[in-house]
Amino acid sequence: MMAQPSIHASNHILSFQELGQVDSSSHAEVPKQLKERTTDSLRRTEASLSEITGSDDGNINDDGNVKLKNEWAEFLNGSSAKHDDDERNNLRDEFLSLVLQHIQDYHDIMASSQSHSDDICFLQSLAELSLQCLSRLVQLRNETFDKNPTKGIPGLAPIFGEEFVEEIAAPMKFFLQLEPNIVEADLMELSLGASELILNLMHPHRPRNEACVPSIRDDILIPLTSPESSHIRVVESRGRTVAMIAELASKSVVMAVEHTVPNYAGSAGGAVINTSAFAVEDEELAMKRETAALSRMQDVRDVFQNVGKVILVPFLKERGNFDALEEETTRRVLHAFLAIFDIAPFAMESQLETLLDDHAAPIIDYLKMNCRERRLEQEEKKQQNSNSRNHGETGHEIFETSYEGDEFGNSPDPLHQPPAPPVQLPPIYQTIPKPPAMITSIRQLESTLDSITANLENQDPELWDERLAALVDVECLLAGGVSSTLGVEARHLFIEKIRKMPMTDQFQDLRSQITNQACRVIVALSYEYREYVREDGSLGVAVQHFVDCCTPSILKLCCSGTRLMATQGMNCMLCLAAVGGSTGYPRTVSNFCDDI
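Quick look at the structure, then.

Concerning the overall build of the protein
Inference 1: The helix and strand inventory of the protein stands at 24 helices and zero strands.
Inference 2: For the protein, the proportion of its 596 residues judged to be buried stands at 52%.
Inference 3: Sequence separation of at least 24 residues holds for 75% of the intrachain contacts in the protein that already meet a minimum separation of 6.
Inference 4: In the form shown here, the protein has an accessible surface area of approximately 28,300 Å², with 51% of it arising from carbon and sulfur atoms.

A look at the packing of helix α20 (residues 512-529) against helix α22 (residues 537-558)
Inference 1: Remark: α20 packs on α22, axes separated minimally by 11 Å, with the N-to-C direction vectors making an angle of 155°. Classified by the interaxial angle, the pair formed by α20 and α22 is roughly antiparallel. Like other packed secondary-structure pairs, α20 and α22 cross with a definite hand, here left-handed. Taking contact as the criterion, the partners of T515, C519, I522, L525 and Y529 in α20 are, on α22, L539, V543, F546, V547, C550, I554 and L557.
Inference 2: Residue composition of the contact of α20 with α22, grouped by class: 11 nonpolar, one polar and no charged.

Side note on a negative patch on the surface
Inference 1: Taken together, the side chains of E162, E163, E166 and E167 make up a negatively charged region of the molecular surface.
Inference 2: Residue position: E163 is located in helix α6 (residues 162-175).
Inference 3: Taking the relative accessible area as the measure of exposure, E163 reaches 69% and is therefore exposed.

Side note on the nonpolar core
Inference 1: By size, the foremost hydrophobic cluster in this structure holds 151 residues, and its most contacted members are F160, L201, F337, F494 and I498.
Inference 2: If one sorts the elements of this core by residue count, helix α5 (residues 120-146) sits on top with 12 residues.
Inference 3: Beyond its immediate chain neighbours, meaning those up to four positions away, I498 contacts V474, M503, V521, L525 and F546.

Thoughts on the pattern of salt bridges
Inference 1: Throughout the structure, instances matching the rule amount to 22 salt bridges.
Inference 2: The residue D473 makes a salt bridge to K434 at a minimum N-O spacing of 2.9 Å. Here K434 lies in the loop between α14 (360-391) and α15 (442-457) and D473 lies in helix α16 (residues 464-479), a separation of 39 residues in the sequence.
Inference 3: Its relative accessible area of 39% is what places K434 among the partly exposed residues.
Inference 4: In this structure, the salt-bridge partner of R467 is D509, at a minimum N-O distance of 2.9 Å. Of the two residues, R467 is situated in helix α16 and D509 in the loop between α19 (503-507) and α20; the sequence distance between them amounts to 42 residues.
Inference 5: According to the relative accessible area criterion, R467 is buried, its value standing at 4%.
Inference 6: In the salt-bridge network here, residues are joined through shared partners; they are R240, E247, E328 and R332.

Notes on the side chain of D536
Inference 1: Topologically, D536 is positioned in the loop between α21 (532-535) and α22.
Inference 2: Summary of buried charges: D536 has no salt-bridge partner, and the nearest side chain of opposite charge, R491, is 6.1 Å away.

What to know about the environment of A157
Inference 1: On the secondary structure map, A157 appears in the loop between α5 and α6.
Inference 2: A relative accessible area of 44% means that A157 is categorised as partly exposed.
Inference 3: Sequence-distant contacts of A157, defined by excluding residues within four places in its chain, comprise R141, N209 and E210.

Structural notes on the environment of I498
Inference 1: Of note, I498 is situated in helix α18 (residues 487-500).
Inference 2: Overall, I498 belongs to the buried group, its relative accessible area being 0%.
Inference 3: It is 7.8 Å that separates the C-alpha atoms of I498 and L449, two residues lying 49 residues apart in sequence.

Focus on the packing of aromatic side chains
Inference 1: Applying the stated criterion across every chain, the model contains six aromatic pairs.
Inference 2: Ring centres 6.0 Å apart and planes at 40° place the aromatic pair F304 and F337 in the tilted group. Taken together, the positions of F304 in helix α11 (residues 301-316) and F337 in helix α12 (residues 324-341) put the pair 33 residues apart, joining distant regions of the chain. Note on accessibility: F304 and F337 belong to one class, buried.
Inference 3: Grouping aromatic residues by their ring pairs yields a cluster made of Y106, F174 and F175.

Structural notes on the packing of α20 against helix α23 (residues 563-579)
Inference 1: Where α20 contacts α23, the axes come no closer than 9 Å and their chain directions differ by 0°. In terms of their interaxial angle, α20 and α23 are classed as roughly parallel. Of the residues in α23, those in contact with S512, T515, N516, C519, I522, V523, S526 and Y527 of α20 are L564, M565, Q568, C572, C575, L576 and V579.

What to know about the state of the cysteines
A disulfide bridge is the covalent bond that connects two cysteines by way of their sulfur atoms.
Inference 1: The full count for this structure, using the stated rule, is zero disulfides.
Inference 2: Note on C550: no disulfide assigned, nearest cysteine sulfur contributed by C549 at a separation of 6.7 Å.

So, helix α8 (residues 213-225)
Inference 1: Of all the bends in α8, the greatest, near 25°, is centred on D219, and the proline P223 appears no more than four residues after it.
Inference 2: Taken across its 13 residues, α8 has 10 buried, putting it largely inside the fold.
Inference 3: V213, S215, I216, R217, I220, L221, I222, P223, L224 and T225 are the residues of α8 that are buried.

Examining the environment of R141
Inference 1: Structurally, R141 can be placed in helix α5.
Inference 2: Along the backbone, R141 and L201 are 60 residues apart, and their C-alpha atoms lie at a distance of 9.9 Å.

Describing the side chain of H203
Inference 1: Its place among the elements puts H203 in the loop between α7 (188-201) and α8.
Inference 2: A polar side-chain atom of H203 sits 3.1 Å from a polar atom in the side chain of H259.

Here is what the cut-offs are and how they apply
Residues numbered from 1 in each chain as written. Predicted model: local features only at pLDDT ≥ 70, side-chain atom pairs only at ≥ 80, totals over all residues. Heavy atoms only, no water. Helix = DSSP H or I, 4+ residues; strand = E, 2+ residues; numbered from the N terminus. Buried < 20%, exposed > 50% of the residue type's maximum accessible area, 1.4 Å probe, protein only. Contact = heavy atoms within 4.5 Å. Areas by Shrake-Rupley, 256 points an atom, 1.4 Å probe, with all protein chains shown as cover. Axes fitted to C-alpha atoms, helices over the stretch in contact; angles between N-to-C directions. Parallel < 35°, antiparallel > 145°, perpendicular 65-115°, else oblique. Left-handed = near helix turned anticlockwise from the far one by under 90°. Nonpolar A, V, L, I, M, F, W, Y, C, P; charged D, E, K, R; others polar. Patch = residues over 30% accessible without salt bridge, like charges linked within 9 Å, V, L, I, M, F, W, Y side chains within 5 Å. Salt bridge = Lys/Arg side-chain N within 4 Å of Asp/Glu carboxyl O. Lys, Arg positive; Asp, Glu negative; His and termini not counted. Charge placed at Lys NZ, Arg CZ, Asp CG, Glu CD. Core = buried A, V, L, I, M, F, W, Y, C linked by side-chain atoms within 4.5 Å. Phe/Tyr/Trp six-rings, centres within 6.5 Å; stacked < 30°, edge-to-face > 60°. Disulfide = S-S within 2.5 Å. Bend = angle between axes of the 7 residues up to and from the residue. Polar contact = N/O pair within 3.5 Å; in protein donor to acceptor, adjacent residues only side chain to side chain.

So, in structure tokens, the structure goes:
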């Protein structure tokens, strides 16, 4: 005799028999008692799921909640007891079908002319609770997979995959346009519930057979941000909808970085690390952040392009020529971009340059200035706190001018900025060994580069420190603005001279100091030339040829038996991908394949 399955989590699931009696699509009057029982049962189900998924880190200390979470996980994912699977799966599928039906029914009624139904409040409540239940279940699914991302769950059948996204696409597009305003303040939970569900579906560590970011992008996000979209319910609300999608996409990028580089906040922000050991670690983490952000932004690049185009028009208008909604939309989108720029500036900058071409410049300038202001403000607060601890009172002001903003340090008016503070080095140069070198003439530049070449060509093992100093001098030239201050002639001279230097030999040196500095040089050159290669074809060919020549040596460095040097090579390749601008280095892929 087959044992009866024990599904304890089913005690927290609503009564399917009662819900089966609620046919919201018929618009018939639902008995009051049945409304109360149905709503209460679904609310208890959502509360049960909230108890086990409410913690940010997914860890639960209470024994009762741990047991409940395991039961829900078995209900959702199956167990090792094969005879339990059929009944458990049937119960799960029935539950998911019912909550999806509530969402779809409410969407159908609201999208029709029958939104005045007497039961609309009841159906709205069911839709809100159903969205929250689905979001919690997807979150639980992610947590289960995240604990064992390599092996995953054996025999896991897709539940929240592409088909699921196709089924919820229409309601999600509708709910995301219900952002609360004066008229629709009571619809806030639907909008927030839809955002939370989509964000959980875009989690970076999801089961492979449920990866659905492309479906979310194509079926939900792009239609709501496309200029020619026919999915916008009210034209006047388009700005708010676009801003909400920008915030959603930004959160997904930040979430991807958080899961790739845990505790990234401790080293984010471009803080200067004085010791060489911490400097290497900070650079490595920075490259991982850039790569993780770039990868997710590539997944939804069309969304960022649409959002960027929406804010370009009001962003470039003169003061007084834009309305309040345009200003609000622009500010929210820019703040969403700033959240990414703060942890992965090169990825954000390169994507904007690629997607918006020359129009990206004012947006990038805004991001750079606000990010710089935020860091200055943080440093000022640290100094004040330090002075308070040392002297019992607030110390003197570090900066002569203050910068007003919100609690995040963002400008209250991104369309009209105060004068920019003194130019600081980009984060890529935060750990540069020496101050930037300022060159004032072409003759001086040529002489300096000839001296550097002579030092690099000296193969005497005892004089390796001179080669290291020469590589540092190259980076200092780039940090000093040699590519921007002396014009086109200087740019061509610099790349012509550096192509003649024995740079490939430096990547194959036996000393990690040399290989590390060689990696810094090629990344800095790629960063400084990223804009000019688009405008100057011959310059682009020269830079591409230089990178192509160095790529095989960098790949060999990646395979080094010394872990530190191998990490340097990997970080160098990742950084080249992140800071390559809108053109990038397409032949690097073929070089990589040839090396393999």
